[in-house]
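Notes for the structure review
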Amino acid sequence: MSYRLRIKIQGKVQGIGFRPTVYRYATQNKLTGWVSNTSSGVIIEVQGTKVHVENFISALKKSPPSRSEIADIQVTEIKPVKENQFKVLSSISGKEMKTRISPDIAVCKDCLKELFDKEDRRYLYPFINCTNCGPRFTIIKNIPYDRPNTTMKKFKMCKSCQSEYDNPSDRRFHAQPNACEICGPEVKLVNSLGFRVESKGIKAIEKTTKLLKEGKIVAIKGLGGFHLACDALNDKAVKTLRSRKYREDKPFALMAKDLKTIKKYCEVSPEEEKFLLSWKSPIVLLKRKSNTPYPVSLIPISNYVAPNNKYLGFMLPYAPLHHLLFKSEIRNPKSEILVMTSGNISDEPIAYENEEALVRLKNIADYFLLHDRDIYIRSDDSVTRIFPPTKKEFILRRSKGYTPDPISIHTPYPLSRIPILACGAHSKNTFAILKGDEVILSHHIGDMENAETYNSFVNGIEHFKKLLEVEPQIIAHDLHPEYFSTQYAKNLSSVNCHLSSVPIQHHHAHIASVMADNMLRNQKVIGIAFDGTGLGSDGNLWGGEFLLADYKDFKRVGHFKYIPLPGGEKAIKEPWRIAFSELYSIFGNKLWKLDINFVKKLDKGKCKILQKMLDSGVNAPLTSSMGRLFDAVASLIGIRNTVNYEGQAAIELEMILTEDRKQKSEVRNYKYTIKKENNIYIIDMEETIKGIIEDLKKRLSKEIISLKFHNTIVGLIVDMAKKIRKETGLKEVALGGGVFQNMFLLTNAYKELKKAGLKVYIHEKVPTNDGGLSLGQAVIAGCKN
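Let me sum up the structure you'll find in this document. (Residues numbered from 1 in each chain as written. Predicted model: local features only at pLDDT ≥ 70, side-chain atom pairs only at ≥ 80, totals over all residues. Heavy atoms only, no water.)

1. Quick notes on the layout of surface pockets
Taken as a whole, the second largest pocket holds about 630 Å³ of empty space. Lining of the second largest pocket is provided by 23 residues; of these, Lys-287, Tyr-311, Arg-385, Pro-388 and Met-743 occupy positions nearest its centre. Residue assignment for the lining of the second largest pocket shows that the elements contributing at least two residues are α8 (270-276), β11 (283-287), β15 (383-387), α19 (648-656) and α23 (743-755). It is α23 that provides the largest number of residues to the lining of the second largest pocket, a total of 5 residues. Tallied by class, residues from the lining of the second largest pocket come to 9 nonpolar, 3 polar and 11 charged. (1 Å grid on protein atoms, 1.4 Å probe; cavity = no way out; pocket = protein on both sides within 12 Å on 5 of 7 lines; lining within 4 Å. Points joined across faces, edges and corners; volume = space filled by probe spheres on them. Helix = DSSP H or I, 4+ residues; strand = E, 2+ residues; numbered from the N terminus. Nonpolar A, V, L, I, M, F, W, Y, C, P; charged D, E, K, R; others polar.)

2. As for the sheet that holds strand β3 (residues 41-48)
Remark on secondary structure: sheet strands pair via backbone hydrogen bonds, oriented parallel or antiparallel. Taken together, the 5 strands give an open sheet; going across it, the order is β4-β1-β3-β2-β5, and neighbouring strands pair in mixed fashion. Each of the sheet's edge strands pairs with one partner strand only, and the pair in question is β4 (69-78) and β5 (86-88). With direction set aside, neighbouring strand axes in the sheet form an average angle of 15°. The pairing of strand β1 (residues 3-12) with β4 spans 9 bridges and is antiparallel. Paired with Lys-8 across the strands is Gln-74, a residue of β4. Each of β1, β2 (32-38), β3, β4 and β5 touches helix α1 (residues 18-28); the most contacted strand, β5, lies at about 175° to it. (Pairing = 2+ DSSP bridges. Axes fitted to C-alpha atoms, helices over the stretch in contact; angles between N-to-C directions. Contact = heavy atoms within 4.5 Å.)

3. A short note on the nonpolar core
Within the largest apolar cluster, 147 residues are counted, with the highest numbers of intra-cluster contacts made by Ile-44, Phe-56, Phe-530, Phe-546, Ile-713 and Leu-735. Among the elements that take part in this core, helix α22 (residues 702-728) stands out by supplying 10 residues, more than any other. Counting 42 residues, the second largest nonpolar core, distinct from the first, contains Phe-226, Leu-254, Leu-286 and Phe-368. (Core = buried A, V, L, I, M, F, W, Y, C linked by side-chain atoms within 4.5 Å. Buried < 20%, exposed > 50% of the residue type's maximum accessible area, 1.4 Å probe, protein only.)

4. Re the pairing of β2
Of all 7 residues in β2, 7 are buried; the element is thus mostly enclosed. Burial of the side chains of β2 extends over both faces: Thr-32, Trp-34, Ser-36 and Thr-38 are buried on one face and Gly-33, Val-35 and Asn-37 on the other. Note that β2 and β3 share 7 bridges and pair antiparallel. The residue of β3 that forms the bridge with Val-35 is Ile-44. Two successive antiparallel strands, β2 and β3, enclose a turn made up of 2 residues. Relative to β5, β2 runs parallel, the two being bridged by 3 bridges. Bridge pairing in β5 places Trp-34 opposite Lys-87.

Keep in mind these numbers describe shape, not what the thing actually does.
Right, here's the structure in full:
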């Protein structure tokens, strides 16, 4: 007796080979029926014996496509019909979109095998892909995810490709980017003016490898935008790239030909290896090997790649084009390691269109390796690392390979049924959309410093609204009135009477983001938020905060003593100003008698101006920022007085701390005081600064002073958490904010808090820096409305 079911599946089920898998399981069980993509998911009707139908459902649940994510399965028994086969139907459009969009996927093993198989018709074809790999998010214009809704629409498939596309048993069945050399995209190499085509196809790639080996800089169009590439072992090439890109010190990302090459230069744990080889293909921060100088046979990576840093950011080739740049089939001598940094001038968004790149990058790149498969939405490489105590991921930039996978939310409060847009922060911006019980974070937008980035932000929001078919009625934003993201939210709500804006305090959003990342249901945590800057509810700049927080509200229960920032924003770029402010607040004019190099090298003329600012309070906003304290200490002990990128002084302070076990065991912490004023703990670091000065007088090394300072902050975190636990009974601690990218600080704070009997939560799925702020904003707004 025939038995028929209608099955509706929601989740990430398009663009990852779901329908071919359904077809295979149906035919294996001798079932009739059909399967189709719709804007609300995949719809299946199957008919056969009850045993075979149940076997089909069991197989689908137990062994779905490896990159799919089934969020919900609804099964309804319906009346059998007369039919004699199982079919894959065309996609069905609908009003409500519930399908998850797949991120871009690194080239799979099957396609790689074909890429280098001389007998295969796609031999050395740089756009080879199948239902298991290739571009997804970056080429999709709308859903359902079908070829007419992607940038592949303009490429009409040849007979062979169309046959694969139409065959349910083929690996390329409904692979939307499916193409070959006859009918698909092609690469070409042009000069920096874009006028002369040097070569096309595989010859263009061959010539690119030759140019890179010769020390040239080539802008290479990839999956989500352009990379600026050069030989990472060539000092002159890397130095030239830095100069042209106006990127003095910030580390460059590297791409190595294989894992073996990476292991020559860096320590690689099993967990780090797993992420390097994963289909998400992020940049993974790896510790440099300490056995320097390198063996004579090993050419060192240029010192200009990551100055003053113990870590290198490595990734492996993830697009077929990347693999071709390294493989022996390309006859020219090749670089084993390439710098592959974002194709932009510093602080601008990554270039992703050919004409745009030729204009914006012409003064950086000597040549351009272009292709004509359009990128619809730009997406930078993601950056991640492993958190040693748990061996879990600790992501630093969430973009390609991760976006637009949603974050499931679990709160003790009912979330708003109304779609919410969260605009994120000013630095490392991402936006987010709350829809139902999921938050969909955007790709990395960047620092909102210019019109180009702002336009990228606005265009990205419009694209996500279209893909998710939502029109947010609530818009959440930061308190800071000068942030472009805040101004966007206020301007939008002022012209749309159906849209209400909700201001969210920066550090509350950080803690809510940690809670949401860990799917916490409990209502309150001890939130410790350390970062560079965030406007507080008292109008001052916060950044060293101890909060009692839940998803709806927070209470500030402790913070670092305010110090003035002479020159405001300028002090962030010139940390010596903060160090001077610290000394002036402690010693007044007696600071000039301090026998330390920092004071001896001060420009007294500039300092007189600073003193006037500090005495009058003009252009000297107050801050409690932990990030600024790190900057001050870095300057005070002679690491650097100015920075060329955000967090540079603090990063270099972490990088120099001693790793000598004997020295570590002998080091004692600096002193500090904690007082209670108006029921709020105030942490005064005066004794710490005095202790550092005494160590400088004793000519104690920077490495030891850095270690003592880091240990002091760890001890302070634990002391404060224990005090708050004693008063409140809370045992859950959430650590959030950009300062916790400092792995020494985070690791040791985590361990010591656990030793103290506290449950500690940190980020995993979204960044602890401002790139994860939009998640917290979205959840707070969702719980409040």
